[in-house]
Amino acid sequence: AALHEEIVRHAARRGTPLTISELYKFGKRALATPARTRLQSAQWLHGELPVRLAHRARELGELPYGLADMPSVREVREMYQNSFCDIVESSPPQDAADEEKFSEILGRIRTRHDDVVKLIAKGVIELKEFCGKGTTDLEIRSFLDRFYMSRIGIRVLMSHHLALGGGQPGMAGVINNACRPADLIEQAIQATRSLSYQHYGESATVELRGNTSLEFPYIDAHLYLCLFELLKNSLRATVETHRDAAELPPVRVIVADGKEDVTIKISDEGGGFRRSEMKGVWTYLFTTAKLPAKQLFSLEDRCDRTNRPDPIAGFGYGLPLSRLYARYWGGELGLSSMEGYGTDAYLHLSKLGDKKECLTA
Ligand code: W6P
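Now for a description of the structure that goes with this document. Predicted, not measured: the structure shown is a model, and the values here were computed from it.

## A word on the sheet that holds strand β3 (residues 206-210)
In any sheet, the strands associate via hydrogen bonds between backbone groups, in a parallel or an antiparallel arrangement. Strand order in this open sheet of five strands is β3-β5-β6-β8-β7, and the pairing throughout is mixed. At either end of the open sheet lies a strand with only one pairing partner, and these are β3 and β7 (332-338). Strand after strand, the sheet turns through a mean of 15° between neighbouring axes, direction not considered. Strand direction decides the pairing type here: β3 and strand β5 (residues 251-257), joined by five bridges, are parallel. Within β5, the residue paired with glycine 210 across the bridge is valine 255.

## Here we look at the packing of helix α3 (residues 34-61) against helix α7 (residues 138-163)
Where α3 meets α7, the closest approach of the two axes is 10 Å, and the angle between their N-to-C directions is 160°. In this view, α3 runs roughly antiparallel relative to α7, as classed from their interaxial angle. In terms of crossing hand, the pair formed by α3 and α7 is left-handed. On the side of α3, the interface is formed by Arg38, Ser41, Ala42, Trp44, Leu45, Glu48, Leu49, Arg52, Leu53, Arg56, Glu59 and Leu60, while α7 contributes Phe143, Arg146, Phe147, Ser150, Gly153, Ile154, Leu157, Met158 and His161.

## A few points about the nonpolar core
With 92 residues, the main nonpolar core has Tyr148, Ile264 and Leu347 as its most contacted residues. At eleven residues, α7 tops the list of elements feeding residues into this core. Contacts of isoleucine 264, omitting those with residues within four sequence positions, involve Pro181, Ile185, Leu223, Leu227, Val253, Ile254, Val255, Ala345, Tyr346, Leu347 and Leu349.

## What to know about the pattern of salt bridges
Tallying each qualifying case throughout the model produces 23 salt bridges. Residue aspartate 86 is joined to arginine 112 by a salt bridge in which the shortest nitrogen-to-oxygen separation is 3.0 Å. Here arginine 112 lies in helix α5 (residues 96-112) and aspartate 86 lies in helix α4 (residues 71-88), a separation of 26 residues in the sequence. The class of aspartate 86 is partly exposed, set by a relative accessible area of 27%. The residue lysine 232 makes a salt bridge to glutamate 229 at a minimum N-O spacing of 3.6 Å.

## Considerations on the sheet that holds strand β2 (residues 175-179)
A sheet is described by the order of its strands in space; here three strands give the open sequence β1-β2-β4, paired in antiparallel fashion. The two strands at the open ends of the sheet, each matched to only one other strand, are β1 (171-172) and β4 (216-218). With two bridges joining them, β2 and β4 adopt antiparallel strand pairing. When the bridges of β4 are listed, cysteine 179 appears paired with phenylalanine 216.

Parameters at a glance
Residues numbered from 1 in each chain as written. Predicted model: local features only at pLDDT ≥ 70, side-chain atom pairs only at ≥ 80, totals over all residues. Heavy atoms only, no water. Pairing = 2+ DSSP bridges. Helix = DSSP H or I, 4+ residues; strand = E, 2+ residues; numbered from the N terminus. Axes fitted to C-alpha atoms, helices over the stretch in contact; angles between N-to-C directions. Parallel < 35°, antiparallel > 145°, perpendicular 65-115°, else oblique. Left-handed = near helix turned anticlockwise from the far one by under 90°. Contact = heavy atoms within 4.5 Å. Core = buried A, V, L, I, M, F, W, Y, C linked by side-chain atoms within 4.5 Å. Buried < 20%, exposed > 50% of the residue type's maximum accessible area, 1.4 Å probe, protein only. Salt bridge = Lys/Arg side-chain N within 4 Å of Asp/Glu carboxyl O.

Below, the structure is given as structure tokens:
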């Protein structure tokens, strides 16, 4: 009961969203005056993280349709409660030794929450089985968007703090001030083409054009996740559509540098999909039967890595999650499909580092 009240009290406050620039400056400062900056960071997080965790713990307890009582959802809620307690019950850090202890707590929290996407997905699937296929519900979709978005933010804050003071030149915490889309695209091309070879025994080539020397401040891991997901979908669609053809049409990637946005377009000739399937592409709740044929892949956040040894077929969380990662720093992910020809994916990223974290989707 005391815990519940503490959570309600913290959830009544709003989280404080940061910008990439702010995170970066803080990270830079940590290189100059590590001890002092780390302590300040820890003190700020000691106030901020309980607020963000409390919002999630509370909402998990208030989910509709019995979702709140699903064992997997309860388990996740307990994680949020435990993490909330771990921080609130520790005293605010006052010196370097406290900061070190606080960082240990953060590290444990981050690991504790590693499987949260999977567990929530499991709860949603159970709900679906329980309620029938009709429950593709807006309320649940917006909950999942909020929930996963908030998880991105919490993990960024923790990872940033834990990475303060270390890392490669140009890095400040988790922010890469000179993130190079072309480099990440090359890495994602390698990884996804190799997946395609493993799975189909062949792969389309990928052509990269546009501003390949562009650098801007961003989180490498977030951009990579989106690129991997999109390329994987394009390669898969291409192979599946041109199975018996002598040659596979290449996937084309263009990096465009604007004043406000970096835009990455990924075009395939994989046959596209129906306009009526567009909604399903962004949905967390679908039945296997309705699974759109072209969105079977996903990256690390796939909900059941263990049951599906085949890494090329996921549960379709990849695209909605990629869009959340894009939106987190004020970007956007859009798909345009020409049924019978192919698909263009547009990944827009805000390049000035001045957008606040999107905390609520
Ligand atoms: C498709 C379906 C899709 C989703 C996302 C990205 C690319 C593609 N291509 O056919």
